[in-house]
Amino acid sequence: MPPAEWVPGILEHAFVSTVMDIQKTADTVIIGGGIVGCAAAYYLAARGVRVLLLERGAIAAEASGANLGAVGASAGVPGATLAHTKKSLELLAHDADELGRPVEFVRAGLLLLACSDAERTDVQEFAATRRQEGIETHLLSAEELRNMEPGLGPGLVEGAYVPGDGHINPFLLTYAYAAAARRRGAEIREGIEVLRCDVAGGRVAGVVTSAGRVDTRRVIVAAGAWSSPLLAPIGVEIPVRPGRGQMLVTEALPALTPRVLRTPAINLRQDARGHVLIGSSVEYAGYSREVTLPTLARFAQLAGELMPALRDARIIRTWAGLRPMTPDGLAIIDTVPGVDGLILATGHSRTGLSYAPVTAWLLEQLITGGQTALPLEPFRLGRFAAPRGDQPVPAGRERTEEMP
Ligand SMILES: Cc1cc2nc3c(=O)[nH]c(=O)nc-3n(C[C@H](O)[C@H](O)[C@H](O)COP(=O)(O)OP(=O)(O)OC[C@H]3O[C@@H](n4cnc5c(N)ncnc54)[C@H](O)[C@@H]3O)c2cc1C
């Protein structure tokens, strides 16, 4: 990244972080400066909505800056949300050109790889369901895979290739949405925490923040893994809990692959500077962002088996981020019965980057017109109303699971 791209961003960041006074009213307050909140600010500001986004830390400092950066139409749920992820990718491709900053969007495809007959069945089903919904997907034999990716190790039996999917720098993308939203008139404030929402007479009246009160009749909760504790004091229960994901990144290496490589155990991609990002677990360990050696050592071993050139690569950094997990892995994008003006845009689980543009697009329609061009049904809060076996484990009984 040339310094000219970075310097204005850093100065802008320092400026907003040190000014502590706050406007007293806003049309719409967005809580949270991750990818969901920043994309929403950008879309709403374009429609003339006077947006105030409040982020208690820094933009993209939580899950949105900690993720792998895989984006794609194939991330949707067959029969429910593939239309949404297709739309989201289309919006992302458009936004990447419009935002006015480089976001390192590489649309070279996703390879879902199978190493056993059982995994082959999953890969074939993945390909069939994506094709049914019009997403170009090819099944590749082991030989075809090695022709496409000469760096792959032995042991692969088949793969599904989705050429339209890709990867992006999630940190740059979130910052680009925030900067472009500001240019459209949104007020984006870092270092200001929303302490509570103020509800009176069955509707939102304002938010109380660490810098004072803001009167508003509309609040969008995009507070990621922290959304549940923020809403509990006003009696709104949502099944969103933190799901820790650990990642590691290698030193810069010669070009290995332009694609996202996915197995049932790991995902990896190489960034614009040659670093290979490898992850990631999903662990229910409360709000801990600790990294653990056994998990990272396993990722390193699996990555070396997948791509032998990675065996000798040095790991230069490890980290963990907290995903806002829901029981079914889909976001909650909805109004809240009994609290007029409260809108949820949270729970994006493992695919928040893939869904962020369509989330912002749906919010814009919900707020400015009431009707949405794609159904909100898969994202309604009401789907969790009936008791289900996969509801969150009660506090104090956190368990740890690991999956890719
Ligand atoms: C290791 C890992 C790998 C991942 N890989 C991918 C991937 O490849 N592709 C993909 O699509 N998704 C991926 N994800 C998931 C994706 O990162 C998330 O779904 C997405 O970032 C969620 O965005 P968000 O804006 O809702 O949450 P966040 O980015 O967590 O943002 C929420 C923000 O709200 C702020 N906040 C909270 N409470 C308050 C308050 N009271 N007042 C003010 N601000 C508040 C927080 O400080 C935070 O900045 C991954 C996640 C992880 C952790």
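- As annotated in an unreviewed UniProt entry, the protein chain is FAD-binding oxidoreductase from Candidatus Segetimicrobium genomatis.

### Observations concerning the side chain of E283
- Secondary-structure assignment places E283 in the loop between strand 16 (275-279) and helix 9 (293-306).
- Here the side chain of E283 touches Q246 through a polar contact of 2.9 Å, side chain to side chain.

### Description of the pattern of salt bridges
- Enumeration according to the criterion identifies 16 salt bridges in this entry.
- Linking E364 and R47 is a salt bridge whose minimum nitrogen-to-oxygen distance equals 2.7 Å. Of the two residues, E364 is situated in helix 10 (residues 352-368) and R47 in the loop between helix 2 (35-46) and strand 2 (51-55); the sequence distance between them amounts to 317 residues.
- Residue classification places R47 among the partly exposed residues on the basis of a relative accessible area of 46%.
- Taken together, the shared-partner salt bridges in this structure form one network comprising D117, R120 and E158.

### A short note on the environment of I332
- Among the structural elements, I332 can be located in strand 18 (residues 332-335).
- By relative accessible area, I332 is classed as buried at 0%.
- Look past the residues within four positions of I332 in its chain and what remains in contact with it is I238, P239, V240, T326, L344, A345, T346, F379, L381, R383 and F384.

### Describing the pairing of strand 11 (residues 212-215)
- Both strand 10 (residues 203-209) and strand 11 contribute to a ladder of 4 bridges, which runs antiparallel. Paired with V207 across the bridge in strand 11 is V214.

Criteria and thresholds
- Residues numbered from 1 in each chain as written.
- Predicted model: local features only at pLDDT ≥ 70, side-chain atom pairs only at ≥ 80, totals over all residues.
- Heavy atoms only, no water.
- Helix = DSSP H or I, 4+ residues; strand = E, 2+ residues; numbered from the N terminus.
- Polar contact = N/O pair within 3.5 Å; in protein donor to acceptor, adjacent residues only side chain to side chain.
- Salt bridge = Lys/Arg side-chain N within 4 Å of Asp/Glu carboxyl O.
- Buried < 20%, exposed > 50% of the residue type's maximum accessible area, 1.4 Å probe, protein only.
- Contact = heavy atoms within 4.5 Å.
- Pairing = 2+ DSSP bridges.

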